Amino acid sequence: MKKSTWISIPFLFLLCCLLSAPRIGAATDNRSGKPQQETLTLERIFASPDFRIKRFGPAHWQDDGSGYTRLEKTTAKSLEGMDIVQYPPGDKKGRILVSARQLINPETQKPLHIEEYSWSNNGRKLMIFTNSKPVWRQNTRGDYWILNRNSGRLWQVGGDAESASLMFAKISPDGSRVAYVLHNDIYAQTLSDDPQKRRIIRLTRNGSETMINGTFDWVYEEEFHLRDGFRWSPDSRHIAYWQLDSSGVGIYTLVNTTDSLYPVLTTIPYPKAGTTNSACRVGIVSVEGGETCWVELAGDPRNHYIPRMDWAASSEEIIFQRMNRLQNENRLMLYNINSKQCATVLTERDEAWLEAIDDLKWLNNGTHFTWISERDGWRHVYVVSRDGSDQRCVTPGSYDVMRVLHIDDKKGWIYFSASPNNPTRQYLYRASLEKSEKPQRLTPANQPGTHSYRVSPDAKWAFHTYSTFSTPPVTTMVSLPDHRDVTVFEDNRGLKNILNSIERSPEEFFSIDIGNDIHLSAWCVKPPDFDKSKRYPVLFYVYGEPWNQTVIDHYGRDYPWYLLLARQGYIIISVDNRGTPQPRGRDWRKCVYRQIGILASADQEAAVRALITQRPYIDPERIGVWGWSGGGTMTLNLLFRYPGLYRTGMAVAPVPDMRLYDTIYQERYMGLPADNQEGYTNGSPITFAHQLEGNLLIVHGTGDDNVHYQGTERLINKLIEHDKAFTMMAYPNRSHGIREGKNTTLHLFRLLTRFLNENLPPGEQEVKKQ
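None of the values given here were measured: they were computed from a predicted structure.

1. A short note on the pattern of salt bridges
Moving on, step 1. Applying the stated rule across the entire model yields 36 salt bridges.
Moving on, step 2. Residue E605 is joined to R609 by a salt bridge in which the shortest nitrogen-to-oxygen separation is 2.4 Å. Highlighted residues: E605 and R609, both in helix α7 (residues 599-614), separated by four residues, approximately one helical turn.
Moving on, step 3. Several salt bridges converge on common partners, so that one network encompasses D350, E374, D400, R586, D587, R589 and K590.

Below, the structure is given as structure tokens:
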């Protein structure tokens, strides 16, 4: 006999409420409470492939410009691997240069998984990088393999050390050797099909945990964007390399308490602002072995940096940049390896800071080179003679060169990115290396947004990727200089169709006048059923530091999330304050020197107050803010400094105290703590934690090797000291990106969305009559 079913009236009422309540991420009509068509959820955005951006690559131009190569799934039966396929420009039919069958690992009998690949100069030898293992944030080690395309022989670099992962490897210009770094020492190995002739010479012999040859410590690599720490001479007879001595540098310890029975400790030399740096120097060694010849320089090597170094279009000289610790002086120097003499070619100075120059390119067989300078108030390209006596600007005008993309020395053109009239976009331009003429814009006038290019060696073609704020990236090949599309590689059509099926309001880019002739760029996303006669809560997305800008007309990962929030009834706005790297001139970017966090937060506050005045639909009682990393720091600064304005803040991986961040980054923008105690104190949000009144969520990964969890713990102590209520979430062993582990990203954004819904109620409200 079946048991009778009995449900109490209170339970039935509760069940109906739960079933009818919208779950977080579901779009609802805020006026009627009725669910709309459910096309946008957190699960779909962060846990399904629907909103995943497809990207083209990797592809490599061939040196002669005759074509390019790319990885494609192998056509070989019963194999899972990748072929390397060559294509002529504009041709959709390619030919297999290297098949997956040629890359069979003799031990596993499976094709190597290609993570990166490179060619010898003559194209006869291929080097594969595979089996990578993270060392820290940017650095990886792994296995390198050589394929001789003529003989078909495949072998692993490293000889007896094959079982140990290598930090980096590079084939010599003449294709006869490969150099690599193992356990912080440099080795050179002969490239031969005969294992008996693969002679290995150890070029350095003092590598240790603190003596680093041919690679970098964490801070050098992270802040100067360096990976490989050695350079082959053009004649393949010498190697110039960096050596870092990190003895005496403070050690930061990461504690992993979840992956084993007892905690596992990982130590990283990490100089925090004002503390001891690694000593850095450059040496040259013969590939046959022997003593290293060191470049002798005056001054304390721990208080100078060498962020760039290479051979000077010659096998007789190297060229390098040497910066003082404050990074407001950059000396470009030539060193002759025969005479052992060093000469300064030019010196750049700035009252604030300087950046290392990546765009030094040699012209006219080494008689001249290109250089970037802001000496006239704008970032421009100069052509400089080898001895520095002649320096000529080739991109004059009141605009910034954002990035040098290619130099066509034969035809006398320099290709670069710029956007003279709109700091939120990026276009392709070219200028003559010989004539002082107005640069030519090559990106068509009817294509807004952000455009990036990888120009072919002969400057006849380019891989072109563009997007707008609401349109996902499209990658094509274009011919130059006419910018004609010849091949479409990836158009993200599926993602574009999904976005087009979602009801949404068009984004708005605009400028905010905050007084004193200061205008800040901003963007805004409104609810799809926006009614300007109502009032809405606003979530501001911030960053605000010199490292990055947020107001860019390009497609970002968080755009679908902002659409979801807009459908819930939020307005989302982002503002770029002064000091962000917008192409608006040197003074715009560097006016924040020694006052990071102070001027920037004042600009953000002024922008919010101006918007409240100018746009009556913004609810001044529901202002929220969120950001990550530097944006997390800005979130704390705004919530603590202006408690009557910002009601809710979500700070992800913040730096509550600038003294806890690394020397290179923090001192570049703030000077030394001993010389700017007031700036460090007043720029750090922890100083103002006692003023918290609003709702605060702090999120941090305990395994963050970039912005240490230590800072969040100190902030927590300060908030407890002042009896302040807050919410926090620590993600065990996650790094700065908080992406490791199953379901982490979805969990994080569900947390952010729930906190926002609970503490900054969504939806429009009637404007209160005065």
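Having seen the model, we can carry on.
2. Regarding the packing of α7 against helix α8 (residues 630-641)
Moving on, step 1. Between α7 and α8, whose axes approach to 10 Å, the crossing angle comes to 65°. In terms of axis orientation, α7 runs roughly perpendicular to α8. In this structure, α7 meets α8 at a crossing whose hand is right-handed. Contacts between α7 and α8 involve A600, S601, Q604 and E605 from the first element and M634, N637, L638 and R641 from the second.
Moving on, step 2. Within the contact of α7 with α8, the residues separate by chemical class into three nonpolar, three polar and two charged.

3. What about the environment of D529?
Moving on, step 1. The topology assignment puts D529 in the loop between β37 (519-525) and β38 (534-541).
Moving on, step 2. Sequence separation between D529 and G569 is 40 residues; the distance between their C-alpha atoms is 8.7 Å.

4. Focus: the pairing of strand β29 (residues 413-418)
Moving on, step 1. The buried count for β29 comes to six of six residues, which makes it a mostly enclosed element.
Moving on, step 2. On β29, burial covers both faces: W413, Y415 and S417 on one face and I414, F416 and A418 on the other are all buried.
Moving on, step 3. As judged from the six bridges shared by strand β28 (residues 401-408) and β29, these two strands associate in the antiparallel manner. Note on β29: the bridge partner recorded for R403 is S417.
Moving on, step 4. As consecutive antiparallel partners, β28 and β29 are separated by four residues, and within that stretch G412 has a phi angle of approximately 80°, a positive value.

5. A look at the packing of aromatic side chains
Moving on, step 1. Within this structure, the stated rule accounts for 40 aromatic pairs.
Moving on, step 2. Relative to Y617, the ring of F530 has its centre 4.8 Å away and its plane inclined at 85°; by these criteria the two rings are edge-to-face. With a gap of 87 residues between them, F530 in the loop between β37 and β38 and Y617 in the loop between α7 and β40 (618-628) connect regions that are remote in the sequence.
Moving on, step 3. Among the aromatic residues, those joined into a ring-pair cluster are F46, F469, F509, W523, Y541, Y555, Y559, W561, Y562, W626 and F749.
Moving on, step 4. Just above the ring of W294 sits the side chain of R281; from NZ or CZ to the centre is 3.6 Å.

6. Structural notes on α7
Moving on, step 1. Given a rise of 1.5 Å per residue, 16 residues ought to cover 22 Å, and the 22 Å separating the end C-alpha atoms of α7 matches this to within 8%.
Moving on, step 2. Taken together, the buried positions of α7 are occupied by L599, A600, S601, D603, Q604, E605, A607, V608, A610 and L611.

7. Observations concerning the sheet that holds strand β1 (residues 59-61)
Moving on, step 1. In spatial order, the strands read β1-β2-β3-β4; together these four strands make up an open sheet with antiparallel pairing. Of all strands in the sheet, those bounded by a partner on one side alone are β1 and β4 (95-98). Direction aside, the axes of adjacent strands within the sheet are offset by 35° on average.
Moving on, step 2. Sheet topology note: the β1/strand β2 (residues 68-73) ladder contains three bridges and is antiparallel. Looking at the pairing, A59 lines up with R70 of β2.

8. Notes on the confidence of the model for the chain
Moving on, step 1. Here the chain averages 92 in pLDDT, and 94% of its residues register 70 or above.
Moving on, step 2. When the criterion is pLDDT under 50, residues 1-38 qualifies, and its contacts beyond four places in sequence or with other chains add up to 35 contacts.

9. Quick word on the pairing of strand β35 (residues 484-490)
Moving on, step 1. Two strands pair when backbone bridges link them, and strand β34 (residues 471-479) and β35 are joined in this way by five bridges, in the antiparallel orientation. Along β35, the bridge assignment pairs T476 with V488.
Moving on, step 2. In this antiparallel pair of consecutive strands, β34 and β35, the connection spans four residues, and H483 shows a positive phi of 60°.

10. Quick notes on the sheet that holds strand β22 (residues 329-336)
Moving on, step 1. Sheet architecture is open: four strands sit in the order β20-β21-β22-β23, paired in antiparallel fashion. Of all strands in the sheet, those bounded by a partner on one side alone are β20 (304-311) and β23 (342-349). The mean angle between the axes of side-by-side strands here comes to 20°, regardless of whether they run parallel or antiparallel.

11. Some thoughts on the packing of helix α5 (residues 559-568) against helix α12 (residues 744-759)
Moving on, step 1. In the contact formed by α5 and α12, the axes pass within 12 Å of each other and the chain directions differ by 25°. Here α5 lies roughly parallel to α12, going by the angle between them. The crossing of α5 and α12 is right-handed. Together, W561, L564, L565 and Q568 of α5 and F749, L752, T753, L756 and N757 of α12 make up the contact between the two elements.
Moving on, step 2. For the contact of α5 with α12, the per-class residue count stands at six nonpolar, three polar and no charged.

12. As for unusual backbone geometry
Moving on, step 1. Here the amide bond leading from L480 into P481 is cis, since omega sits at 10°, within 30 degrees of zero.
Moving on, step 2. Along the chain, the position of P481 falls in the loop between β34 and β35.

13. A word on the nonpolar core
Burial of nonpolar side chains together is a common tendency in soluble globular proteins.
Moving on, step 1. In this structure, Y220, W242, I284, I318 and F320 are the most contacted members of the largest nonpolar core, which totals 46 residues.
Moving on, step 2. Elements with a contribution of two residues or more to this core: α3 (218-224), β15 (238-245), β16 (251-256), β18 (279-286), β20, β21 (317-324), β22 and α9 (663-670).

14. So, α5
Moving on, step 1. The element α5 is extensively covered by neighbouring structure, given that 10 of its 10 residues are classed as buried.
Moving on, step 2. Where α5 is concerned, the buried positions are Y559, P560, W561, Y562, L563, L564, L565, A566, R567 and Q568.
Moving on, step 3. The first or second residue beyond α5 is G569, which carries a positive phi of 115°.

Procedures and definitions
- Residues numbered from 1 in each chain as written.
- Predicted model: local features only at pLDDT ≥ 70, side-chain atom pairs only at ≥ 80, totals over all residues.
- Heavy atoms only, no water.
- Salt bridge = Lys/Arg side-chain N within 4 Å of Asp/Glu carboxyl O.
- Helix = DSSP H or I, 4+ residues; strand = E, 2+ residues; numbered from the N terminus.
- Axes fitted to C-alpha atoms, helices over the stretch in contact; angles between N-to-C directions.
- Parallel < 35°, antiparallel > 145°, perpendicular 65-115°, else oblique.
- Left-handed = near helix turned anticlockwise from the far one by under 90°.
- Contact = heavy atoms within 4.5 Å.
- Nonpolar A, V, L, I, M, F, W, Y, C, P; charged D, E, K, R; others polar.
- Buried < 20%, exposed > 50% of the residue type's maximum accessible area, 1.4 Å probe, protein only.
- Pairing = 2+ DSSP bridges.
- Phe/Tyr/Trp six-rings, centres within 6.5 Å; stacked < 30°, edge-to-face > 60°.
- Lys NZ or Arg CZ within 6 Å of the ring centre and 35° of its normal.
- Expected span 1.5 Å × (residues − 1).
- pLDDT = per-residue confidence, 0-100.
- Core = buried A, V, L, I, M, F, W, Y, C linked by side-chain atoms within 4.5 Å.

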